Amino acid sequence: MRRVLVTAYTEEPFWRLPQPEREALENGFPEVEWVFREDGLPEREPSLARVDAWFGWTFPDAALAGAGALRWMHSASTGVRRFLTPAFRERRIVLTSARGAHAPFLAEQAMAWMLGHVRRQRETQAAAAEARWAGADLLAQNPPGTLLGKQLVILGYGAAGRELARRAEAFGMRVTGVRRTPAGDEDVPCVAPDALDGLLPRADFLANLLPYTDATRGLVSADVLDRLPRGAFVLNLGRGRTLDQDALAERLADGRLGGAGL
C-alpha cells in the first residue's frame, strides 16, 4: 500500500486542509495509507522513511534526508523555488504544484482592491466608524468613481491573470496582458515585456502577478512606477521581491500614486 504524508497545515486556519477534503481523500482513495500531520512538520513523522508521496506547504532538507522512499512531492502553493535545494536536485523526485488553484481567489482580491479604490471605501468606512456623514465635504476632492472604461495592465498573464481579466472585463474595464511569450490566442490583447513601457502611461491600474525568478527580481522598479500616470493604483499579487517596495512607498507618500493593494 502506498503511503502519502499530508502536512498541509499551518497555524492560520485558512491555510489548513479542511476536514471534508481530508475525508474525501480517505474515502476516494482507500488503497492509499494517508498520514496527516496537523503540526505541518514532515521531519517529525515516524514513518517518514516509508512515505512514497507528500503534499503540503514546506518540506525541509532535514525531512528529505529521512525520506528514502519519497518519489513525488506536491506543493500546495504555486511557487516551488524553495524546494529546489542542492539536496533535492540530487534526488529523482517528481515535483508538482498547485498552479492555477489559487487563481480565482487572487482575482477576487484584486477586484476588491480596485472597487474599494474607485468607490472610496476607505474614506467612507472611516467616516462610518466615526458616525460621520461622508458627504461632499469629505469626498469633494476625490469623489467616488467607476471601473467602467478604466485601463488595467496585468503583468504576468498566467492562470490568475486570466481569471482577473475575465472579472475586470465584466466590469467594463479595458485589459491588456503582459507575458513572456504571447501565444496570440489569449482572451485579451497580450504583449511581450518589451512593450510594457508603452502601456504604462495609460494604465489606471497595474496588477503584478509575476512569479519570483532571477529574471523577475525587482522588475516592477522605480522606473516602471514613474511611467505610470499620476494617481495610478498598483496591485501586487505576485512575489514581493518582484517589486521595489521602497520605491513604491516613496511614490505613495508623495502622492504620485493613488494607492496600492499588497
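Up top you'll find the structure we're talking about.
Notes on the structure in this doc start here. (Residues numbered from 1 in each chain as written. Predicted model: local features only at pLDDT ≥ 70, side-chain atom pairs only at ≥ 80, totals over all residues. Heavy atoms only, no water.)

### Notes on the packing of aromatic side chains
Okay, so step 1: All chains considered together, the criterion is met by seven aromatic pairs.
Okay, so step 2: Ring centres 5.8 Å apart and planes at 70 degrees place the aromatic pair F14 and W15 in the edge-to-face group.
Okay, so step 3: Overall, the relative accessible area of 61% leaves F14 in the exposed class.
Okay, so step 4: Plain terms: the ring middles of W15 and W57 are 5.1 Å apart, the flat faces sit at 80 degrees to each other, and that makes the pair edge-to-face. Of this pair, W15 sits in the loop between strand 1 (2–7) and helix 1 (19–28) while W57 sits in the loop between strand 3 (53–56) and helix 2 (61–65), placing them 42 residues apart in sequence.
Okay, so step 5: Its relative accessible area of 17% is what places W57 among the buried residues.
Okay, so step 6: A connected cluster of aromatic rings, assembled from ring pairs, spans F14, W15 and W57. (Phe/Tyr/Trp six-rings, centres within 6.5 Å; stacked < 30°, edge-to-face > 60°. Buried < 20%, exposed > 50% of the residue type's maximum accessible area, 1.4 Å probe, protein only. Helix = DSSP H or I, 4+ residues; strand = E, 2+ residues; numbered from the N terminus.)

### Re the pattern of salt bridges
Okay, so step 1: Enumeration according to the criterion identifies 20 salt bridges in this entry.
Okay, so step 2: Between R37 and E45 there is a salt bridge, with the nearest N and O atoms lying 3.4 Å from each other.
Okay, so step 3: Looking at R37, the relative accessible area reads 16%, which means it is buried.
Okay, so step 4: Members of the salt-bridge network, linked through shared partners, are E108, E163, R166, R167 and D187. (Salt bridge = Lys/Arg side-chain N within 4 Å of Asp/Glu carboxyl O.)

In short, shape yes, function no, at least from these values alone.
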